[in-house]
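# Commentary on secondary and tertiary structure
In case you want the letters, here they are:
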Amino acid sequence: MIKREILLEIARHYGTPVYVYDLEQIRAKFRKLHDAFSSIDTDIHFAVKANHNPFIIKTIDEEGGKFDTVSLEEVKHLSELGIDEKNILYTPSCPSKDELKKALDTDIAIHIGALELLEWIGQTAPERPLGLRLNPGLDIGGNKKIATAHQGSKFGIPWTLKNRILKTVDKYRLRITGLHTHLGSDVSYDEVMRQSIDFLFEARSYFPRLEYLDIGGGFKIKYHPDDKETDLKALAGYIRGRTKKSGEAIKIKIEPGKFLVAEAGYFLMQVNFVKKIPGKTFACVNTGFNHFIRPMYYGAYHPVENLSQPGEPESVYDVVGNLCEEDTFAYDRKIARIRENDILVLKNAGAYGYVMASHYNLRPLPKEIVVDGHRIIET
Ligand SMILES: Cc1ncc(COP(=O)(O)O)c(C=O)c1O
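As a starting point, this report considers the structure included with it. Here the residue numbering is sequential within each chain, running from 1 through the sequence in written order. Owing to the predicted nature of the model, reporting of local features is limited to residues with pLDDT of at least 70; listing and counting of side-chain atom pairs is limited to 80 or more, with chain, interface and lining totals taken over all residues. With hydrogens and water set aside, each side-chain value is computed from the structure's full complement of heavy atoms.

### Some words on the nonpolar core
Cut-off, in case you're wondering: We call a set of buried Ala, Val, Leu, Ile, Met, Phe, Trp, Tyr and Cys residues a nonpolar core when their side-chain atoms join them within 4.5 Å. Burial status follows relative accessibility: with a 1.4 Å probe on protein chains alone, a residue under 20% of its type maximum counts as buried, one over 50% as exposed, and anything between as partly exposed. Secondary structure elements follow DSSP: runs of H or I no shorter than four residues count as helices, runs of E no shorter than two count as strands, and numbering proceeds from the N terminus. Note that the domain bounds reflect an automated or database-derived domain assignment. The contact criterion used throughout is that any non-hydrogen atoms of two residues lie within 4.5 Å.
Judged by nonpolar contacts, the single largest core of 98 residues is most densely connected at F37, L179 and V319. Looking at which element gives the most residues to this core, the answer is helix 8 (residues 190-203), with 7 residues. Each of domain 1 (4-19 + 262-378) and domain 2 (23-261) accounts for three or more of the residues forming this core. Once residues lying within four places of it in the same chain are set aside, the contact partners of V319 are M269, A283, V285, V304, D327, T328, F329, A330, I335 and L344. By size, the runner-up hydrophobic cluster in this structure holds 14 residues, among which are Y14, V20, Y266 and V345.

Quick look at the structure:
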């Protein structure tokens, strides 16, 4: 947790809007995950799509983490940071054959999520070890935009096509070394996650050359104070139980994004002015969904606090951005009284924040600052 005075100093020195990341917080989350899974053979692959800041990648690498990517650009970024290809998973969604061809020539682990692509690889590179992204057809609730394993989803190969999958694998003697499911992001997981693990352990029996099962990411964090973080120890215990039942140990892979970095990110913004209309008060800030899209795109909740006047009595505000469409970071939120030029912090902004920012309205991108103990570094 970065102290208020430090966040204010960063806002003063570097300007706003600005993202600030706490590397110590990321290390603590990595260790929590690592400890929870310590009794099973697990690789932790950080989902780079959540935040590709080089300092964060380096920190996770130093902790012993591996990486999960969705594009060859992410793979290149990791290679430039010195990450070994053997530690990289690549699970593209609808890749071009040109991109896939390039990926097949590397040592990264590739997860294929379409029968059409499996058939094509069978014809062009049948000897290449592959993972399969399977769709177990589970309804996971939560926000539809981040649910990826229900029937009719574009992600993964539906297990209802099992016979065709097995036929294709057999026809080209494909070497299937991994099975993968990713249910989605930030969903109320526990029961459906267990079903997905059962699914993988059952599908395992059809693929004799398997080296790992990958249960994906999506572990829940406390975006809202009433949210419940995924019970990782219980999840690891369940996998241990399933492994024992199956009688044969196998490596497990997980792909956390939000869990490792969301809470370590702080998005600082400045209040341009406070606007009152009958029945409503708006805190109008100097940024918008072009810089942090989660509230508008996913209806996501993020705590917002007034760093400049923390002791003031609370009032109710809509915190709104400066774009010419609905652009609201927080609705009807109790916040310590806000005045012009105050610095506000939007919390839990470390995942899918800066990486989804754009130049919409020709606004420049925010800066990114990392805090590592006493060190403050512009990235
Ligand atoms: C294939 C894959 N793995 C892992 C993740 C990480 O999800 P989260 O950030 O919710 O942990 C995602 C993101 O949706 C993903 O698409």
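### Some words on the packing of helix 2 (residues 23-36) against helix 3 (residues 54-62)
When two helices pack together, their arrangement is given by the angle between the helix axes and the distance between those axes. Stated precisely, the cut-off is as follows: Every axis corresponds to a line fitted to the C-alpha atoms, with the helix fit spanning only the stretch in contact, and the corresponding angles, defined between N-to-C directions, vary from 0 to 180 degrees. Two helices that cross are described as forming a left-handed crossing if the nearer one is turned anticlockwise from the farther one by less than a right angle, and a right-handed crossing if clockwise. In this classification, the charged set is Asp, Glu, Lys and Arg, the nonpolar set is Ala, Val, Leu, Ile, Met, Phe, Trp, Tyr, Cys and Pro, and all remaining amino acids, among them Gly, are polar.
Packing of helix 2 against helix 3 leaves a shortest axis separation of 10 Å and a crossing angle of 35 degrees. In terms of crossing hand, the pair formed by helix 2 and helix 3 is right-handed. Of helix 3, the residues touching helix 2 (which contributes L23, I26, R27 and F30) are F55, I56, T59 and I60. Looking at the contact of helix 2 with helix 3 residue by residue, the class counts come to 6 nonpolar, 1 polar and 1 charged.

### What to know about the packing of helix 6 (residues 115-124) against helix 7 (residues 162-172)
What counts here: In this scheme, roughly parallel covers angles under 35 degrees and roughly antiparallel covers those over 145, while 65 to 115 is roughly perpendicular and the rest are oblique.
It is the contact of helix 6 with helix 7, at a shortest axis distance of 9 Å, that shows an interaxial angle of 10 degrees. Between helix 6 and helix 7, the crossing angle belongs to the class labelled roughly parallel. Taken together, the residues of helix 7 that come into contact with helix 6 (itself represented by L115, L118, E119, G122 and Q123) are R164, I165, T168, V169, K171 and Y172.

### What about the site of the ligand?
The condition is simple: The near set for a molecule or strand comprises every residue that places at least one heavy atom within 4 Å of it. Pairing of N or O atoms within 3.5 Å defines a polar contact, subject to two protein rules: one partner must be a possible hydrogen donor and the other a possible acceptor, and residues neighboring in sequence count only if both atoms are side-chain atoms. To measure how exposed things are, a 1.4 Å probe is used in the Shrake-Rupley method; for residues, cover is taken only from the protein chains shown.
Neighbouring the ligand are 13 residues, the closest being K49, S185, G218, E255 and Y352. A distance of 2.6 Å separates a nitrogen atom of the ligand from a polar atom in the side chain of E255. Within the backbone of G257, an N or O atom sits 2.9 Å from an oxygen atom of the ligand. In isolation the ligand has 390 Å² of accessible area, and contact with the protein removes 94% of it. Each residue belonging to the shell around the ligand can be placed in one class, and the counts come to 3 nonpolar, 5 polar and 5 charged.

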